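Inside the fold
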Amino acid sequence: MNIANWLYASSRAYPDRAAVRWGDALHATYAELAARAATISEQLGRLYNLRPGDRVAIYAANCPEYLELLYATWWAGAVAVPVNHKLHPKEATWIAVNAEARLVFTETGSQLPSIDLPEGCSEIGIGSQAYAELLTELRSVPAATRKPVERSSQDIAWLFYTSGTTGRPKGVMLTHNNLTAMSLTYALDVDQVSQSDHPLYAAPMSHGAGLYNFPYIRAGACHVIPRSRGFDPSEIIDMAGSHGNLTFFAAPTMVKRLVDASKGRGFKGKGIKSIVYGGGPMYASDLDAALDQLGDIFVQIYGQGECPMTITALPRHLVSDKGHPNWQARRNSVGIAQACVSVRVVNADFTDCAIGETGEIVVSGDPVMRGYWRNQQATDETLVDGWLRTGDLGHLDADGFLTLTDRAKDVIISGGSNIYPREVEEVLLMHGSVAEVSVIGMPEPEWGEAVVAFVVPKKGAICDREHLDTWCKSQMASFKKPKHYVFATELPKNSYGKIVKTTLRETAARDVVTIDRSV
Ligand code: AMP
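A brief structural summary.

About the criteria used
Residues numbered from 1 in each chain as written. Predicted model: local features only at pLDDT ≥ 70, side-chain atom pairs only at ≥ 80, totals over all residues. Heavy atoms only, no water. Helix = DSSP H or I, 4+ residues; strand = E, 2+ residues; numbered from the N terminus. Expected span 1.5 Å × (residues − 1). Buried < 20%, exposed > 50% of the residue type's maximum accessible area, 1.4 Å probe, protein only. Near = heavy atom within 4 Å. Polar contact = N/O pair within 3.5 Å; in protein donor to acceptor, adjacent residues only side chain to side chain. Areas by Shrake-Rupley, 256 points an atom, 1.4 Å probe, with all protein chains shown as cover. Nonpolar A, V, L, I, M, F, W, Y, C, P; charged D, E, K, R; others polar. Pairing = 2+ DSSP bridges. Right-handed = clockwise from strand over helix to strand, strands pointing away. Salt bridge = Lys/Arg side-chain N within 4 Å of Asp/Glu carboxyl O. Axes fitted to C-alpha atoms, helices over the stretch in contact; angles between N-to-C directions. Left-handed = near helix turned anticlockwise from the far one by under 90°. Contact = heavy atoms within 4.5 Å. Core = buried A, V, L, I, M, F, W, Y, C linked by side-chain atoms within 4.5 Å.

1. Remarks on helix 2 (residues 30–48)
Along its 19 residues, helix 2 runs 26 Å from first to last C-alpha, staying within 8% of the 27 Å computed at 1.5 Å per residue. Counting buried residues in helix 2 gives 14 out of 19 residues, a clear majority hidden from the surface. Residue asparagine 49 follows helix 2 closely and has a positive phi angle near 60°.

Structure (C-alpha cells):
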C-alpha cells in the first residue's frame, strides 16, 4: 500500500476542491496537485533515473511546492528525506550523503557544496529552470490515468533524520504502514478531520507539521502554507479571520507567543479549530493562559521520530476538563496511550514499574519505526523484543495517564527545534583551544531553553566567547550555537569519569549572572 494512493483517491473524488493555498492564493486543486505529483515523478524517472526505493531529500523551508514534492517522491515509490531547513548546508549535505540520496531539492539550487554530494546525486532548485522542466508535460498527463507505483506497506516512505545520544543524526525508517497507523489514529484520538478544515503549516514541514498532512489529504481539506513560510502569530490571527477552521501543530513556545500576540490584538481564537501541541513540555501557567485567551482548542500529543506523533494524546475535552478532581494532574500529563500503541513504563530489567514509579517509557505498535537507516547497532539498542525504548522517563497514574519526568536523552529544545548537546560538543572540541566541554540546556522564557556550554580551555590557548562563537557559526546552524559560555578549570565527574550534567544544570541555574564570565 502506497500512502500516495490517498492523494490519488482525493483527486478523483474531489478534483475541483482547493488542495493547497499559498497564503490566500490558490496553488493547486486536488486534480492539479495529483497531476503535478504524477508528472514530476515521471520526469524524475526519465531525466534523473529515479527508481522505487531511491531517496529524495528536500532541504527547504515550507513552500507551496513542498507537498507536491513529497507526493511526487511517493508516486514514484521512492523515499522522501525531508531535511530541517534551519540546518547548516554542511549538515544537510551530511544527511544527503548518509541517505545516499539520488536527488536533493533545495531552495534555490547550488546551495550545497556539490563536491560533497554523493556520486550520481543531483541538486534541483525549487522554482528553477530544472524544476520547471519537471512540469513541462503537465497538461498531457491527467492524474487519473496513472496510479502511484505499488509498494509494500513495509517499504520505507519517509526517512526522518533525528539525533540520538551519540549526537550523530540517524535516519528513522518510517514505512507506509507506520504513516497510515499514525494518520488513522490521529482521526480517532487527536482531532476529528473534516473537509472544511484548513491545516496550516506554521511549523517546519520536515517534521511534525508535515507528518500531519496525511489525514487532511485523505479528507480533501485545503492545506495552507503561510506566506511567512513559518510561524508569525500576527499572520495566523489574520488567516483565522480570512480562512476559518485553521488547525495546526505548534511547539509549546509557539503557543505562548501566539497567546501573547492574541492578547495584544484582543483575539479570542475565532477561526482556529484546533492547535495540537507537543514536542516539549508545556508549562501549566502557559496552558492556563492559552485556554483563557483562545478557548478549548488545545490537544496535546507526545511522540518522537521513532514513533511519529503517536505515543500518547491528551484530547481537548481532557485538557479543559476543569471539573474533574484530577484535572490539574491530568493537564500536566501527556495523556493516555493512543489507540494503536501499547505504552509501558519499565525498570532497567524491563519489568513494569508500579503506579507512580518513574522508569523508562517503552512503546509497541504499528507506528513504531522499522529501524535506523544503515545502523543495525542503534536499531538493536532501541528496538528490544518488539518494544521501542524512547529514552524518556515518566510514570503512569492509576487511570492510565502518563507524566514525563525527564528527557533521558538530554535533548535541548529551543524555539521548538531540538538541539543535541553532543553535536555541539563535538564542534566545540574541534576548535584547537578547547580541552573539554559539556553542553546543557537552561530554561529560558522566550525560547524554552538556551544552550549553555561549559568549556575547559587548553593551557595557554586563547579561548574566549568571541573565538568560539565565530567557530560555531562556520560549522553549524545558528540556532544550535551556545548562547552562554562558562569557562572552568575542570568539569564535575562521577566515579566512572563521566561528566555529571545535573551538577552543571544546578550551576547554570544558580549562577546565571556569572555566566559568560570566566570562573
Ligand atoms: P523528536 O524525535 O525530535 O520529535 O523529539 C521527541 C522528544 O521530544 C520526545 O522523546 C520527548 O522527549 C519530547 N516530547 C515530545 N512530545 C512531548 C510532550 N508532549 N511533552 C514533553 N516532551 C515531549
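2. What to know about the site of the ligand
Not every one of the 16 residues close to the ligand is listed here, only the nearest: Ile301, Gln304, Gly305, Asp392 and Asn418. In this structure, aspartate 392 approaches the ligand through a side-chain N or O atom, which is 2.6 Å from an oxygen atom. For the ligand, whose unbound accessible area comes to 500 Å², protein coverage reaches 87%. Breaking the shell around the ligand down by element, the ones donating at least two residues are strand 13 (298–304) and strand 21 (402–407). It is strand 13 that contributes the most residues to the shell around the ligand, 5 residues altogether. Per-class residue counts for the shell around the ligand are 6 nonpolar, 8 polar and 2 charged.

3. What to know about the pairing of strand 25 (residues 448–457)
Most of strand 25 is tucked away, with 9 of its 10 residues classed as buried. The turn linking strand 24 (residues 434–444) back onto strand 25 is made up of 3 residues. Taking the sense of rotation as the criterion, the β-α-β connection linking strand 25, helix 16 (residues 465–475) and strand 26 (residues 484–487) turns out right-handed.

4. What about the pairing of strand 3 (residues 55–59)?
Of all 5 residues making up strand 3, 5 are buried, and the element is well covered by its neighbours. Of the two faces of strand 3, the one lined by Arg55, Ala57 and Tyr59 and the one lined by Val56 and Ile58 are each fully buried. Pairing between strand 3 and strand 4 (residues 79–83): 5 bridges, direction parallel. The residue of strand 4 that forms the bridge with isoleucine 58 is proline 82. Traced from strand 3 through helix 3 (residues 66–75) to strand 4, the parallel crossover comes out right-handed. Inspection of the sheet shows strand 3 paired to strand 5 (residues 101–106) by 5 bridges, in the parallel sense. Bridging across to strand 5, isoleucine 58 finds its partner in phenylalanine 105.

5. A closer look at the pattern of salt bridges
It is possible for side chains of opposite charge to pair when their charged atoms get near one another. One pass over the full model with this rule turns up 21 salt bridges. For arginine 151, the salt bridge is made with aspartate 155, and the minimal N-O distance between the two is 3.5 Å. Taking the shortest distance from any N to any O, the salt bridge between lysine 483 and glutamate 444 comes out at 2.7 Å. Of the two residues, lysine 483 is situated in the loop between helix 16 and strand 26 and glutamate 444 in strand 24; the sequence distance between them amounts to 39 residues. Owing to a relative accessible area of 34%, lysine 483 belongs among the partly exposed residues under this scheme. Each of the salt bridges in this network shares a partner with another, and the network as a whole consists of Glu42, Arg46 and Arg146.

6. A short note on the packing of helix 15 (residues 421–430) against helix 16
Where helix 15 meets helix 16, the closest approach of the two axes is 10 Å, and the angle between their N-to-C directions is 120°. Remark: the crossing between helix 15 and helix 16 carries right-handed chirality. Each of Val427, Leu428 and Met430 in helix 15 lies in contact with helix 16, whose residues at this interface are Leu468, Trp471, Cys472 and Gln475. Each residue belonging to the contact of helix 15 with helix 16 can be placed in one class, and the counts come to 6 nonpolar, 1 polar and no charged.

7. Concerning the nonpolar core
Among soluble globular proteins, nonpolar side chains are generally buried collectively. With 113 residues, the main nonpolar core has Tyr71, Trp74, Phe248, Ile275 and Phe298 as its most contacted residues. When near neighbours in sequence (up to four residues on either side) are disregarded, isoleucine 275 contacts Phe248, Ala250, Val255, Leu258, Leu294, Ile297, Phe298 and Val299. In terms of nonpolar packing, the next biggest core, distinct from the first, is built from 19 residues, Val83, Leu87, Ala92 and Cys121 among them.

8. Some thoughts on unusual backbone geometry
In the Ramachandran plot, glutamate 100 falls in the positive-phi region, its phi being about 50° despite a non-glycine side chain. Within the element layout of this structure, glutamate 100 appears in the loop between helix 4 (89–98) and strand 5. Of the residues examined, glutamate 100 reaches a relative accessible area of 38% and is grouped as partly exposed. The phi dihedral of phenylalanine 350 falls on the positive side, at around 70°, and the residue is not glycine. Structurally, phenylalanine 350 is set in the loop between strand 16 (341–346) and strand 17 (359–365).

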